[in-house]
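# Residue-level structural notes
For reference, the chains in residue letters:
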Protein chains: 2
Amino acid sequence: MPLRIDDARMMAASVPSGVSPTEWNDLAIRFGEVHAAVASDRSAGRYGFMELDAQAAETKRVLDYAAHAPMRYTDVVVLGIGGSALGAIALRSAFGAYDDTPRLHVVDNVDPHTFKALLARLAFDRTLWIVVSKSGATVETLAQYAIVRHVLVAGGLSIARHVVFVTDPVAGPLRAIALDEGIPAFDVPPNVGGRFSVLTPVGTLPAAFAGYDVGAIVAGAQAMLDRCNTPALADNPAGLLATLLWRAHQRAGQSTHVFMPYSDPLRDVAPWFVQLWAESLGKTDADGLPAGPTPLAARGATDQHSLLQLLMEGPADKVVCFLRVANHARDLMVPKSEIVPDAVAFMRGRSLGELLDAEAGATARALVSAGRPSLTITVDGVDAYSIGELLMFLMIATVYAGAMYRVDPLGQPGVELAKRLAREALERSTQ
Amino acid sequence: MPLRIDDARMMAASVPSGVSPTEWNDLAIRFGEVHAAVASDRSAGRYGFMELDAQAAETKRVLDYAAHAPMRYTDVVVLGIGGSALGAIALRSAFGAYDDTPRLHVVDNVDPHTFKALLARLAFDRTLWIVVSKSGATVETLAQYAIVRHVLVAGGLSIARHVVFVTDPVAGPLRAIALDEGIPAFDVPPNVGGRFSVLTPVGTLPAAFAGYDVGAIVAGAQAMLDRCNTPALADNPAGLLATLLWRAHQRAGQSTHVFMPYSDPLRDVAPWFVQLWAESLGKTDADGLPAGPTPLAARGATDQHSLLQLLMEGPADKVVCFLRVANHARDLMVPKSEIVPDAVAFMRGRSLGELLDAEAGATARALVSAGRPSLTITVDGVDAYSIGELLMFLMIATVYAGAMYRVDPLGQPGVELAKRLAREALERSTQ
């Protein structure tokens, strides 16, 4: 079954702050307008992440490159930060490691502690560095690359065999270096921003080396794109998510959007979504006012023991998006014969997957009994097609939400000042 | 140098929503009252986590047990969830793995995917299972233990040599099983709740096996306890944190408290703090109203590329607590001779630690230029003593904040319903 949304607990029949049938009609009309506006911007080429056909050739280049790489690498390391890293991290958590493919590492911070530990345990002559920066000028990533390059050169290793760039097809320092030094480089299309780039080589190149099924990921994404071609709110999953979350914020004061996968493999979809939602929507709006919800990443069942108390009894300013997996493995079972305390006697003959799933449902019901809204997104399993659906679903929803919040979901004007101040501080201090 | 707080950017001289000198005097008086109330409750034995002297004998038992364990284990696995896991995870991230001590794993979820993968790669005859549940009745943990026990028994391995419990000294199913089956068990004092238990065997037993310096952790915690004996707001670090965050929420509408370590090793202090802050303060208050701030875990510099846009331009409902490390390693340097793009020329001769530190400072300055408050907590380094200081600092601050929000910081009454509903769902479904 394709990805589905249960929105019953967002409705007035379930919670006091919910959507009434009258309001639903109003929201459906509003979404129709938003859908039209987004479709128009899409036709104008604003949303490159939706142009999967245009990506097909580059995706094929990626797969060919990984299949015929210069050597068999033991380790593949992504150097990237923010949107250049979070997609690869989400995919790695979802699909894990195979015995016959290189280990995939993602270095997404400049903490010397982490980087040093990684450098110490890599065999440089069997390692590929994927340097990801759309602008080609990300300080953190270029600083790390400079250190790596120095080690490669000192070791007499070929840069072109051990480094690949993922960057703008024309502009920026990385592209220039690639041309100068003959380093293979893959394209992030100019109309695809970092946080929307997981289906470009930013995500597909690490995925291809790790052995993930890139074709199925893209197929799932395409299916979701097709489903979201309709202006009918009830039939458009991304429209439903965007409309209900925006409305919860603007009309019911639920400004914190908790995104809570009940799944360890899907846990890192949460920080990926947090970046997408926060950086796209946290903006000055068309009236010049600060706008944007606060996304909060959580993980079930674990965070029932961390956040649930606040969700149940704290301020009613949150809505929870559960992410459930329909088909958990059923093979880790508490043996029927095992001696267990009375408190967990009901677990005899039950699997951990059943427990996890029961907890997700129970938490939604507990919230509704406290008058707190939630919605549940369900994917069939942690397979490539389902992940492709899920990622595309969340990206399209973000663009719709931008139109509803009346902010430009692209760009991140608010982060430039901190970059400049950091550069100035380092330039000022005596060397 | 001991842990210190820079609160300048919380003041009216820095940000419009800041504390004026007059208000500071008022807050200092108020904190004096809170300090007295907490001291009184402490004398009455409510806050067992502050009674480090009373813990000393059990800590010694822990260290002796780890030093003279039944065998040399290759792997030590903590089975625990929420407060039974987050402290061990924070310590493991901080101190890492040593070559001559067992690998430390923490299984803090019931996802079958994760657990199965771990079971498949462990040598059971060289593994110790630390089962942590204060109540002794945590469903997730007991279900996992039942599965492990079955494997141990089937393999003819001695439970008493491969399992240790950490639980209430008298009450609960785990204690009863320990007595029945001769399983070693360590005590969580009845007056120490899960989220305040990191300095009890919940944290110290995994730490001892991993080779961390438990004595220094406790010494740092004791030093912080001593510093917080004063009712003078300016001299009491935990008082300062609690007072400024509570005031930001109640008087300036800054209900989201972002906790942002600029450090990979300290990253998991953030989710530990999130649980502490959310579950302790997210409560019905003395007036019967929903209360509590929303803590949000972040990590610098990475999340400058994720959350900073929202922090700069989104709603002014947040305050950021930076956590900085004074002494980053300075040995990963961009070589002066290395060819780097103009955009990062300033990094020549600079270390990654300098960059990370410059980014923390620059982000605080960027926020203040947008009128957004922040405070900075600085620890000397990622050493056992500093971590002990930090953890105790945050636990004491939580208790002070409870008094300010007028909620009981102990207990978590809001989570019981979800547990009951999950149990009922599993009991109902046909086996």
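Every value quoted in this text rests on a predicted model; they were computed, and no experiment measured them.

Procedures and definitions
- Residues numbered from 1 in each chain as written.
- Chains lettered and ligands numbered in written order.
- Predicted model: local features only at pLDDT ≥ 70, side-chain atom pairs only at ≥ 80, totals over all residues.
- Heavy atoms only, no water.
- Helix = DSSP H or I, 4+ residues; strand = E, 2+ residues; numbered from the N terminus.
- Rg over C-alpha atoms; globule rule 2.2 N^0.38 Å.
- Buried < 20%, exposed > 50% of the residue type's maximum accessible area, 1.4 Å probe, protein only.
- Contact = heavy atoms within 4.5 Å.
- Areas by Shrake-Rupley, 256 points an atom, 1.4 Å probe, with all protein chains shown as cover.
- Lys, Arg positive; Asp, Glu negative; His and termini not counted.
- Charge placed at Lys NZ, Arg CZ, Asp CG, Glu CD.
- Least-squares fit on C-alpha atoms with pLDDT ≥ 70 in both.
- Buried area = accessible area lost by both parts, 1.4 Å probe.
- Salt bridge = Lys/Arg side-chain N within 4 Å of Asp/Glu carboxyl O.
- Pairing = 2+ DSSP bridges.
- Axes fitted to C-alpha atoms, helices over the stretch in contact; angles between N-to-C directions.
- Polar contact = N/O pair within 3.5 Å; in protein donor to acceptor, adjacent residues only side chain to side chain.

### Considering the overall build of chain A
Helices and strands together make up the secondary structure of chain A, namely 15 helices and 10 strands. In summary, chain A has a C-alpha radius of gyration of 23 Å against a globular reference of 22 Å for 431 residues, a match within 12%. Taken over the C-alpha atoms alone, chain A extends approximately 70 × 65 × 45 Å along its principal axes. Per-residue burial for chain A yields a buried fraction of 62% across its 431 residues. Taking as baseline every contact in chain A between residues at least 6 positions apart, the subset at least 24 positions apart corresponds to 77%. Split by element, the accessible area of chain A, about 14,500 Å² in all, is 53% carbon and sulfur. Each charge sign in chain A was given a centre, from 37 positive and 45 negative side chains, and these centres are 2 Å apart.

### Topic: the environment of A:R324
Structurally, A:R324 can be placed in strand β9 (residues 318–325). Along the sequence, A:R324 and A:A360 sit 36 residues apart, while their C-alpha atoms lie 7.5 Å from each other.

### As for the relation of the copies chain A and chain B
At an RMSD of 0.0 Å, chain A and chain B line up after a rotation of 180° and a shift of 0.0 Å along the axis. In symmetry terms, the pair is related by a two-fold rotation axis. Scanning chain A for the C-alpha nearest the rotation axis identifies A:L296, at a separation of 3.4 Å. A high fraction, 98%, of the interface residues of chain A reappear at the interface in chain B, so the copies pair face to face through one surface.

### Looking at the interface of chain A and chain B
Listed per partner, the contact involves 110 residues of chain A and 108 residues of chain B. Between chain A and chain B, a total of about 9,100 Å² is buried, with carbon and sulfur atoms accounting for 65% of that surface. Linking chain A to chain B there are two salt bridges. Breaking the side of chain A that touches chain B down by element, the ones donating at least two residues are α4 (112–121), α5 (139–154), α7 (173–181), α11 (269–281), β8 (294–297), α12 (308–313), α13 (352–369) and α15 (416–428) of chain A.

### Quick word on the sheet that holds strand β4 (residues 127–132) of chain B
All names here are of chain B. Read across the sheet, five strands follow the order β3-β2-β4-β5-β6 without closing on themselves; strand pairing throughout is parallel. Of all strands in the sheet, those bounded by a partner on one side alone are β3 (103–107) and β6 (185–187). With strand direction ignored, the average angle separating the axes of adjacent strands in the sheet is 20°. Of the strand pairs in this sheet, strand β2 (residues 75–79) and β3 are connected by five bridges, and their pairing is parallel. By the bridge assignment for β3, V77 is matched with H105.

### Regarding the sheet that holds strand β7 (residues 256–261) of chain A
Residues and elements named next belong to chain A. The sheet built from five strands is open, its strands ordered β1-β10-β9-β7-β8 with mixed pairing. Every interior strand has two partners, whereas the edge strands, β1 (4–6) and β8, have only one. Pairs of neighbouring strands in the sheet enclose a mean axial angle of 20°, with direction left out of account. Taken together, the three bridges between β1 and strand β10 (residues 374–379) define a ladder with antiparallel strand orientation. Residue I5 lies in a different strand from β10, and its bridge partner there is I377. Each of β7 and β8 touches α11; the most contacted strand, β8, lies at about 175° to it.

### Some words on the side chain of B:D285
All names here are of chain B. Among the structural elements, D285 can be located in the loop between β8 (283–284) and β9 (290–291). Within polar-contact distance, the side chain of D285 engages the backbone nitrogen of D287 at 2.8 Å. Non-local contacts of D285, meaning those with residues more than four positions away in its chain, are made with A291, Y405, R406 and V407.

### Quick look at the pattern of salt bridges
Per the counting criterion, the structure on display carries 42 salt bridges over all chains. A salt bridge links B:E389 to B:R227; the shortest N-O distance between them is 4.0 Å. Placement of the pair is B:E389 in helix α14 (residues 384–405) and B:R227 in helix α9 (residues 214–227), with a sequence separation of 162 residues. Overall, B:R227 belongs to the partly exposed group, its relative accessible area being 30%. Overlapping salt bridges, with partners in common, bring together A:E23, A:D26, A:R247 and A:R251 in one network.

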